[in-house]
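One-letter residues, chain by chain:
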Amino acid sequence: MAVTGLFLIFFLLFHMYGNLKMFLGQEVYDEYAHWLKVDAFVPIFPHGGFIWVFRAIVLAALALHIWSAITLWLRANKATESRYAVTTRLEQTYSSRMMRWGGVILAGFLLWHLYQFTLAPTNESPYAAVSEAFSQWYFVALYALWLIAVCMHVRHGFWSAFTTLGANTSAKAKLVLDGLAWIVAIAIYFGFILMPVAVLLGWIG
Amino acid sequence: MSENTINITLRVWRQPNGHTPGKLVSYPVKDVSTDMSFLEMLDLLNEELTVKGEEPVAFDHDCREGICGMCGVVINGTPHGRGSSPVPTTTCQLHMRMFHDGDVITVEPWRARPFPVIKDLVVNRSAFDKIIQAGGFISVNTGAAPEAHAAPVPKLKADRAFDAATCIGCGACVAACPNHSGMLFTAAKITHLAMLPQGQPERHLRIKKMIGVHDALDFGGCTNIGECAAVCPKAIPLDVISQLNRDLISSLFTRDGK
């Protein structure tokens, strides 16, 4: 759970870096996309080879992440004999409580996201496809909502992953990890939403 | 000292035994002194029930001074019932001054499969004993007490060991956990022994055995929610769980841990 989760956060940050290349114009963005899909590390990988290796690694991480989540979910259900008539929550955050159902929602949106931009892009040029998508206000709004779910998942996930790996060694360490989790979540939110908003407002695209 | 009394309504979980389904039953309790502890209030209810010829409410208790870990019920959704108070407490140290006249108070047993209900509010917590039996001890030859200065312990480690050792094994952590994980309890025992020189020889073997039994007893997995530490009457911090994870990871890479 922790290792695959951190890897997926790393992937998200890199994805965000790629998205932000939209600000450098069509040529740079399309060239970056082309490099990733065709030319990446060509003497080592064949043309178009690297992207499939990378996709396989990300999908494997995702599959292991989901498998761990289902295992934990089933174990929690098995450990529950009956439900309390009254439950008062003292400490838990909304994002920690929503890790499971939030994860299901994220997976659903992810399928749509992959379909739209990877499986059936509306334009040969990725730059044009992204610009077309985000020039519709409702699509940007939906994307912004989806990102909230992503960032809530990342906020608890980041702190939880480091705790599972043994980094939460004191009250001070907890503060630091919590702070870092917030910073990463907020950075991901703004890093991802900046480009669609810029497209919508006509700054780029 | 002026004595205030309040009238409350209790909704208590009544279950005759482990095989029969239980239900919440309402009992009005009148003239409860606010100086009473929660358990004394239950005693009051039980006296009235006994006089009326009804079965008294079964609940666990022993020292009634917050150190034995025997008592513990879920009060208004919080194990031990500290509610919004910042002070961690056991049920026996919770006083009726925390409540107001006319309050409806829901009292339930710990709910988790490894802690089956025996009767009413009494649950069987021997699952914790099984975790301890798996490795929560040190193997030493008995004899005269060793010289105290023979095994020096750094102050910070001694303090951490002591803090973890204050765990009284009441089970509130499992009761509060959305996953019903016994991780805070197990981690407190692991941390207690891992900080001290006496705990080192069996350190890596111990953690694997204890976690193995913890999982085999159908406790849930930890997802770092933090409810356990929030209800712990001894304020065992969440960081003991990270200590457990650290030791578990390093046990995978030591021959001693196999």
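What you see is a predicted model; the values in this text were computed from it and never measured. Residue numbering note: each chain is counted from 1, following its sequence as written. Both sets of labels track the order of writing: A upward for chains, 1 upward for ligands. At least 70 in pLDDT is required for a residue's local features to be given in this predicted model, at least 80 for side-chain atom pairs to be given and counted, and no such filter applies to totals for whole chains, interfaces and linings, which use all residues. Side-chain numbers come from the whole structure's heavy atoms, not from hydrogens or water.

### What to know about the overall build of chain A
Counting secondary structure elements, chain A contains eight helices and zero strands. Counting from the N terminus, the helices are the DSSP runs of H or I reaching at least four residues and the strands are the DSSP runs of E reaching at least two. Helices (α) and strands (β) of chain A occur, in sequence order from the N terminus, as α-α-α-α-α-α-α-α. In terms of its C-alpha atoms, chain A occupies a principal-axis envelope of roughly 55 × 40 × 35 Å. Counting over 205 residues, chain A shows a buried share of 40%. In chain A, of all internal contacts separated by at least 6 residues, the share reaching a separation of at least 24 is 71%. For the area figures, the Shrake-Rupley method with a 1.4 Å probe applies, and any residue is considered shielded solely by the protein chains shown. Carbon and sulfur atoms form 73% of the exposed surface of chain A, whose accessible area is close to 11700 Å². His is not counted here, nor are the chain ends, while Lys and Arg score as positive and Asp and Glu score as negative. The atom standing in for a charge is NZ when the residue is Lys, CZ when it is Arg, CG when it is Asp and CD when it is Glu. For chain A, the distance from the average position of its 12 positive side-chain charges to the average position of its 9 negative side-chain charges is 19 Å. Accessibility here uses a 1.4 Å probe with only protein chains present; expressed as a share of the type maximum, an area under 20% marks a residue as buried, one over 50% as exposed, and anything in between as partly exposed. Contacts were defined at the residue level, with two residues in contact if any of their heavy atoms lie within 4.5 Å.

### Notes on the pattern of salt bridges
In what follows, salt bridge is the name for a side-chain nitrogen of Lys or Arg lying within 4 Å of a carboxyl oxygen of Asp or Glu. As enumerated under the stated definition, the model contains 15 salt bridges over all chains in all. The residue aspartate 35 of chain B makes a salt bridge to arginine 97 of chain B at a minimum N-O spacing of 3.9 Å. Separated by 62 residues along the polypeptide, aspartate 35 of chain B in the loop between strand 2 (23-33) and helix 1 (38-51) and arginine 97 of chain B in the loop between strand 4 (78-79) and strand 5 (104-108) bring together distant segments of the chain. With relative accessibility at 29%, the residue aspartate 35 of chain B sits in the partly exposed group. When its relative accessible area of 52% is taken as the criterion, arginine 97 of chain B is described as exposed. With a closest N to O distance of 3.5 Å, arginine 125 of chain B and aspartate 60 of chain B form a salt bridge. Of this pair, arginine 125 of chain B sits in the loop between strand 7 (122-123) and helix 2 (126-135) while aspartate 60 of chain B sits in the loop between helix 1 and strand 3 (74-75), and the two are 65 residues apart along the sequence. Look at aspartate 60 of chain B and you get buried, because its relative accessible area is 18%. Within the structure, one salt-bridge network assembled from shared partners comprises Arg155, Lys174 and Asp178 of chain A.

### Some words on the interface of chain A and chain B
Taken together, the 34 residues of chain A in the interface contact 42 residues of chain B. The term buried area refers to how much accessible surface (probe radius 1.4 Å) is lost by two components on association, counted for both of them together. Summed over both partners, the interface of chain A with chain B comes to about 3000 Å²; 48% of that surface belongs to carbon and sulfur atoms. The partner of glutamate 81 of chain A in a salt bridge is arginine 113 of chain B, with the nearest N and O atoms 3.6 Å apart. Put simply, the parts of the chain that give the side of chain A that touches chain B at least two residues each are helix 3 (50-79), helix 7 (137-164) and helix 8 (171-200) of chain A. Of the residues forming the side of chain A that touches chain B, the biggest block, six residues, is contributed by helix 7 of chain A. Residues belonging to the side of chain A that touches chain B are distributed by class as follows: twelve nonpolar, 14 polar and eight charged. Only Asp, Glu, Lys and Arg are considered charged in this grouping, and only Ala, Val, Leu, Ile, Met, Phe, Trp, Tyr, Cys and Pro are considered nonpolar; every other residue, Gly among them, is considered polar.

### Notes on the packing of aromatic side chains
Residue and element names in this part refer to chain A. Pairs were defined over the aromatic rings of Phe, Tyr and Trp, the Trp ring being its six-membered one, requiring ring centres within 6.5 Å. Orientation was assigned from the angle between planes: stacked under 30 degrees, edge-to-face over 60, tilted for the rest. Considering all chains together, one arrives at 27 aromatic pairs over all chains under this definition. Aromatic ring contacts, followed pair by pair, group Phe109, Trp112, Phe117, Phe134, Phe139, Tyr143 and Trp146 into a single cluster. It is lysine 21 that lies over the ring of tyrosine 32; its NZ or CZ is 5.2 Å from the centre. Charge-over-ring placement is defined geometrically: NZ (Lys) or CZ (Arg) within 6 Å of the ring centre, and within 35 degrees of the ring normal. Cation over ring: lysine 174 sits above tryptophan 159, and NZ or CZ is 4.9 Å from the ring centre.

### A word on the domain arrangement of chain B
Residue and element names in this part refer to chain B. Assigned domains within chain B: domain 1 (5-108) and domain 2 (126-138 + 152-257). Tallying the contact residues gives 13 residues for domain 1 and twelve residues for domain 2. Between domain 1 and domain 2 the total buried area reaches about 790 Å² when both faces are included, carbon and sulfur atoms providing 61% of it. Linking domain 1 with domain 2 are zero salt bridges, by the criterion used here. What qualifies as a polar contact is a pair of N or O atoms within 3.5 Å, subject to a donor-acceptor requirement within protein and to the restriction that residues adjacent in sequence count only when both atoms come from side chains. On the surface where domain 1 and domain 2 come into contact, there are two residue pairs in polar contact (both at pLDDT 80 or more). Class assignment for the residues of the side of domain 1 that touches domain 2 results in six nonpolar, six polar and one charged. Delimitation of the domains relies on an automatic or database domain assignment.

### Re unusual backbone geometry
Residue and element names in this part refer to chain B. Even without being glycine, aspartate 120 reaches a positive phi, approximately 45°. You can see aspartate 120 is positioned in the loop between strand 6 (117-119) and strand 7. Given a relative accessible area of 2%, aspartate 120 falls into the buried group. Of note, aspartate 218 is a non-glycine position whose phi angle comes to about 70°, a positive value.

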